[in-house]
Amino acid sequence: MQEFAPMNRLRQPRTIALVGKYHSPEIAESLRRLAEYLHERGVSVFVERETAEHIGKLVDLSRWVTCGFNDIGAHADVAIVLGGDGTMLNAARRLARYCVPLVGVNQGRLGFMTDIARQDMLSCMDDLLDGRFLRENRMLLAAEVIRDGKELATNMALNDVVIDKGAIGRMIEFELFIDGEFIYNLRSDGLIVSTPTGSTAYSLSAGGPILHPTLTGIALVPLCPHALTNRPVIVNDNADIELRVTHADDPRVHFDGQLTLDLQTGDSVRLRRSEHTICFLHPPGYSYFAMLRQKLQWSERPKG
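Only a predicted model underlies this, so the values are computations on that prediction, with no experimental measurement involved.

We now examine the pattern of salt bridges. Counting across every chain of the model gives 18 salt bridges. Salt-bridge contacts for Arg-252 lead to Asp-164; the nearest nitrogen and oxygen are separated by 3.7 Å. Within this pair, whereas Arg-252 is found in strand E17 (residues 252-255), its partner Asp-164 is found in strand E10 (residues 160-164), the two being separated by 88 residues in sequence. Judged by its relative accessible area of 24%, Arg-252 falls in the partly exposed class. Linked by salt bridges that have partners in common, Arg-41, Asp-126, Asp-127, Asp-130 and Arg-132 make up one network.

Turning to a nonpolar patch on the surface, a few remarks are in order. Together, Ile-210, Phe-289 and Trp-298 make up an exposed nonpolar region whose accessible area comes to about 280 Å². Counting through the fold element by element, Phe-289 comes out in helix H7 (residues 288-295). Overall, the relative accessible area of 46% leaves Phe-289 in the partly exposed class.

All right, on to the UniProt feature "active site" (unreviewed entry) in the protein chain then. Sites flagged by UniProt as "active site" (unreviewed entry) map to Asp-85. With respect to the secondary-structure elements, Asp-85 resides in helix H4 (residues 85-95). Its relative accessible area of 18% is what places Asp-85 among the buried residues. Side-chain polar atoms of Asp-85 contact the backbone nitrogen of Phe-112, separated by 2.9 Å.

Okay, the packing of helix H1 (residues 28-40) against helix H5 (residues 121-129) next. A pair of packed helices is captured by two measures, namely the crossing angle of their axes and the spacing between those axes. Two numbers describe how H1 lies on H5: the axes approach to 11 Å, and their chain directions differ by 35°. When the axes of H1 and H5 are compared, the crossing they make is right-handed. Judged by residue contacts, Ser-30, Arg-33, Leu-34, Tyr-37 and Leu-38 of H1 engage Met-121, Leu-122, Met-125, Asp-126 and Leu-129 from H5. Within the contact of H1 with H5, the residues separate by chemical class into seven nonpolar, one polar and two charged.

Our focus in this paragraph is the side chain of Asp-237. Following the sequence through the fold, Asp-237 ends up in the loop between strand E15 (233-235) and strand E16 (241-247). On the basis of relative accessible area, Asp-237 is assigned to the buried category, the value being 11%. Within polar-contact distance, the side chain of Asp-237 engages the side chain of Arg-273 at 2.7 Å.

The subject of this paragraph is the pairing of E17. Sheet faces and side chains relate simply in a regular strand, where the side chains alternate between the two faces. Here E10 runs beside E17; their pairing, made up of four bridges, is antiparallel. Along E17, the bridge assignment pairs Asp-164 with Arg-252. Sheet topology note: the E17/strand E18 (residues 259-262) ladder contains four bridges and is antiparallel. Counterpart to Phe-255 in the pairing with E18 is Leu-259. A loop of three residues connects E17 with E18, the two strands running antiparallel in sequence, and Asp-256 in this loop sits at a positive phi of about 55°.

Extensive coverage of strand E3 (residues 44-48) is indicated by the burial of four of its five residues. Each parallel crossover has a hand, and for strand E2 (residues 15-20) linked through H1 to E3 it is right-handed. Note: E3 against strand E4 (residues 65-67), three bridges, orientation parallel. The partner of Val-47 across the bridge, within E4, is Thr-66. Read from E3 through helix H2 (residues 49-55) to E4, the crossover connection turns out right-handed.

Before going further, it helps to examine H1. Here H1 spans 18 Å end to end across 13 residues, near enough to the 18 Å set by a 1.5 Å rise per residue. Those residues of H1 lying buried are Ala-28, Ser-30, Leu-31, Leu-34, Ala-35, Tyr-37 and Leu-38. Packed against the buried residues of H1 are E2, E3, H2, strand E5 (78-83) and H5. Just beyond H1, the residue with positive phi is Gly-42, at close to 85°.

On average, residues of the protein chain score 92 in pLDDT, and 95% of them are at 70 or above. Counted against residues more than four places away or in other chains, residues 1-10, with its pLDDT under 50, gives 26 contacts.

Evaluated as defined, the whole model comprises two aromatic pairs. A centroid spacing of 5.6 Å and a plane angle of 65° characterise the contact between Phe-177 and Phe-182, whose relative ring orientation is edge-to-face. Taking 5.8 Å as the distance between ring centres and 75° as the angle between the ring planes, the aromatic pair formed by Tyr-288 and Phe-289 counts as edge-to-face. Tyr-288 sits in the buried class, given a relative accessible area of 9%. Arg-244 extends its terminal NZ or CZ atom over the ring of Phe-177, reaching a point 4.0 Å from the ring centre.

Cut-off values and rules
Residues numbered from 1 in each chain as written. Predicted model: local features only at pLDDT ≥ 70, side-chain atom pairs only at ≥ 80, totals over all residues. Heavy atoms only, no water. Salt bridge = Lys/Arg side-chain N within 4 Å of Asp/Glu carboxyl O. Helix = DSSP H or I, 4+ residues; strand = E, 2+ residues; numbered from the N terminus. Buried < 20%, exposed > 50% of the residue type's maximum accessible area, 1.4 Å probe, protein only. Patch = residues over 30% accessible without salt bridge, like charges linked within 9 Å, V, L, I, M, F, W, Y side chains within 5 Å. Areas by Shrake-Rupley, 256 points an atom, 1.4 Å probe, with all protein chains shown as cover. UniProt positions renumbered as here; feature names shortened; annotations may be inferred. Polar contact = N/O pair within 3.5 Å; in protein donor to acceptor, adjacent residues only side chain to side chain. Axes fitted to C-alpha atoms, helices over the stretch in contact; angles between N-to-C directions. Left-handed = near helix turned anticlockwise from the far one by under 90°. Contact = heavy atoms within 4.5 Å. Nonpolar A, V, L, I, M, F, W, Y, C, P; charged D, E, K, R; others polar. Pairing = 2+ DSSP bridges. Right-handed = clockwise from strand over helix to strand, strands pointing away. Expected span 1.5 Å × (residues − 1). pLDDT = per-residue confidence, 0-100. Phe/Tyr/Trp six-rings, centres within 6.5 Å; stacked < 30°, edge-to-face > 60°. Lys NZ or Arg CZ within 6 Å of the ring centre and 35° of its normal.

Right under this line is the structure:
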């Protein structure tokens, strides 16, 4: 079962890295205020290098160490991400192998993975520094692209891996195998392979189910399938999934909607659960369903 328990008070964070949304000057002041607050509390502060390069002309960051993700992974106890879900996805993939817990401050729109509102940022830091945040582990997907029997590329995804038809309007055709067993031929605009975390992202828009993050299944959600009987399927997280492109004009594979690789007919994309996990830290009182009610504008419980 997934761990969801208070942080160990003996491991209160003493070194915290700050990662901000790129090309977003609006985060500059928030990041500066947060860095100063943490410094006053005796915390060593790192600022991720590309974040510093983009906002360093707007605020003075010279008091704090600027470094890359490798150094953050080696030295930081916690990374605080200021931005939206896209910023969190990028940080998660970069830091997954280092097991650095992540805290999200929402500077974007929906923010399914960034719990803390901008106006509550500083008031939540006392709970974080005193070890009262909640720990929650999320699975990732590991993907490899095979061409002519050789590994072309590898990557990880926290939300989803999507194979689609590309810019040309014709459908893509591919074969789906699970644990070596042929499942079906699919003609569609593509297929979303989603983690529970990604079930509220592209998968949700395509009619896929919402999976609670404590589940460890993998959702396969067709995009506009030619046959209406091709429905979303949830498979065990131990499954080995393979997609073989049999016909396409401009096929592509996308990792978390941020990294893209062009494919060719005959290529295979192999997916399985990654050996790495991502640890999210949530403030006291966090509820996944309360977050869904707010973000998806579900009706509140009737009064009386």
